[in-house]
Amino acid sequence: MSKPTRHGLSDRIDQLRKIQSLPNYLSVSGELDKHTSYADLEEYRVAVLRNFSIEPIKIVLDGELALSGRQPIYYWGEYDTIAEDVFKSDSGLYKFNPSAVILGLWLETLSPALSTQFVRANDKEIKSEVDRILSLVSSFISRIRESIDGPILLNNFPLPGNTTLGILDSQIEAGHFELISLLNISLRKIANKFSGVY
């Protein structure tokens, strides 16, 4: 049996190319979900490792990859099992052999001390926790890069909308907002040490 051509998909991609809107992304994504592969689309394997619910990103990824002539195939790591996927050489991640890896990290899950419990931690505990997080992220990227040549996408941490110290946070030197900003700068520096990490 031959693979389906993208006749129905082609119209949806053309519409998405004209107007990049959520309904058009949904239309392309829905059409891609109908078939496992299309004859005229190149397969592109995306591994998604995350410690938060990132699944809605699939709709936009489907659309963007289809616009570039690619058929997305996904590996969704289990929730908050990034270390298991990354450090076990026989994990589903490496068996999947992805073209690209998305590393979705949410600070509240990685470190309550640097998020919801920030006000309870002293300076020494905060520094230790920052070092732990940066070391962990660096080790994730380093281990992935040993086996996978494709791009690695790494998010930064959202700045707190409501800081644990309220208005005082902007009036002290080592406030919560400033800490997360510095943490994001450090993440960027880590990413820049590796090729193909964005």
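The structure this text deals with has already been given above.
Let us look at the structure shown here.

Calculation criteria
- Residues numbered from 1 in each chain as written.
- Predicted model: local features only at pLDDT ≥ 70, side-chain atom pairs only at ≥ 80, totals over all residues.
- Heavy atoms only, no water.
- Helix = DSSP H or I, 4+ residues; strand = E, 2+ residues; numbered from the N terminus.
- Buried < 20%, exposed > 50% of the residue type's maximum accessible area, 1.4 Å probe, protein only.
- Contact = heavy atoms within 4.5 Å.
- Areas by Shrake-Rupley, 256 points an atom, 1.4 Å probe, with all protein chains shown as cover.
- Lys, Arg positive; Asp, Glu negative; His and termini not counted.
- Charge placed at Lys NZ, Arg CZ, Asp CG, Glu CD.
- Expected span 1.5 Å × (residues − 1).
- Polar contact = N/O pair within 3.5 Å; in protein donor to acceptor, adjacent residues only side chain to side chain.
- Core = buried A, V, L, I, M, F, W, Y, C linked by side-chain atoms within 4.5 Å.

1. Details of the overall build of the protein chain
The number of helices and strands found in the protein chain is eight helices and four strands. Seen along its three principal axes, the alpha-carbon backbone of the protein chain occupies a region of about 65 × 40 × 25 Å. Counting the 198 residues in the protein chain, one finds 42% classified as buried. Within the protein chain, counting contacts between residues at least 6 apart in sequence, those at least 24 apart form 70% of the total. Summed over all atoms, the accessible surface of the protein chain reaches about 11000 Å², with 53% contributed by carbon and sulfur. Averaging the positions of the 21 positive and the 25 negative side-chain charges in the protein chain gives two centres separated by 4 Å.

2. Some thoughts on helix α7 (residues 123-147)
When the terminal C-alpha atoms of α7 are compared, their 37 Å separation across 25 residues agrees well with the 36 Å that a helix rising 1.5 Å per residue should span. Listed in full, the buried residues belonging to α7 are I126, E129, V130, I133, L134, V137, F140, I141, R143, I144 and R145. Structurally, the start of α7 carries an N-cap: the backbone nitrogen of K124 is 3.1 Å from a side-chain oxygen of N122.

3. Let's talk about the nonpolar core
In globular proteins that are soluble, nonpolar side chains generally tend to be buried together. The biggest cluster of nonpolar side chains holds 36 residues, and the ones touching the most others in it are L49, L105, I141 and F157. Among the secondary structure elements, those contributing two or more residues to this core are β1 (42-50), α4 (82-87), α5 (92-96), β3 (100-104), α6 (107-110), α7, β4 (152-154) and α8 (176-192). If one sorts the elements of this core by residue count, α7 sits on top with eight residues. Those residues within four positions of L49 in sequence are excluded, and the remaining contacts are Y75, G77, I82, D85, V86, L93, V101, I102, L103, G104 and I144.

4. Describing the side chain of S115
Tracing the sequence through the fold places S115 in the loop between α6 and α7. Residue classification places S115 among the buried positions, given a relative accessible area of 5%. Sequence-distant contacts of S115, that is, excluding residues within four places in its chain, are made with L107, E108, T164 and H176.

5. Details of helix α3 (residues 57-67)
Regarding α3, the residues found buried are K58, L61, D62, G63, L65, A66 and L67. Looking one or two places after α3, you find G69, whose phi comes out positive at around 85°.

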